[in-house]
Amino acid sequence: MERGLPLSINEKKKATIRAALCFLYRKVGMADRANRLASGLPHARESREVIQPLIQQELSDSELDENIKAILPGDGKELW
């Protein structure tokens, strides 16, 4: 799995491989390595499973703003 990680250009596959590696590292007693790898995994709040249901709702402008603020790092001003 470690050798296959740099070969993939698909970010979803890379995230899946990293997540599986976290559990494998933990299983073989490498908890520190598992934690370091887990800290670089994508945030759940940015996943399609979270975003798609939200954007399909009839949200007010203020609710949309709150969701944007929840995703942006810091105060988000550097992106505007």
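The rules we used
Residues numbered from 1 in each chain as written. Predicted model: local features only at pLDDT ≥ 70, side-chain atom pairs only at ≥ 80, totals over all residues. Heavy atoms only, no water. Core = buried A, V, L, I, M, F, W, Y, C linked by side-chain atoms within 4.5 Å. Buried < 20%, exposed > 50% of the residue type's maximum accessible area, 1.4 Å probe, protein only. Helix = DSSP H or I, 4+ residues; strand = E, 2+ residues; numbered from the N terminus. Contact = heavy atoms within 4.5 Å. Salt bridge = Lys/Arg side-chain N within 4 Å of Asp/Glu carboxyl O. pLDDT = per-residue confidence, 0-100.

Attention shifts here to the nonpolar core. Formed by Leu 5, Ile 17, Leu 21, Tyr 25 and Ala 34, the largest nonpolar core amounts to 5 residues. In terms of residue count, the dominant contributor to this core is helix H1 (residues 11-27) (3 residues). Sequence-distant contacts of Leu 21, defined by excluding residues within four places in its chain, comprise Met 1, Glu 2 and Leu 37.

This part takes up the pattern of salt bridges. Summed over all chains, the structure comprises 2 salt bridges. Between Glu 11 and Lys 14 there is a salt bridge; the shortest N-O distance is 3.9 Å. On the criterion of helical spacing, the pair formed by Glu 11 and Lys 14 is a turn pair, its members being 3 residues apart in helix H1.

Before going further, it helps to spend a moment on the confidence of the model for the protein. For the protein, per-residue confidence averages 82 on the pLDDT scale, and residues scoring 70 or more make up 90% of the total. Taken element by element, the predicted model of the protein shows its lowest mean pLDDT in helix H3 (residues 48-55) (84) and its highest in helix H2 (residues 31-38) (92).

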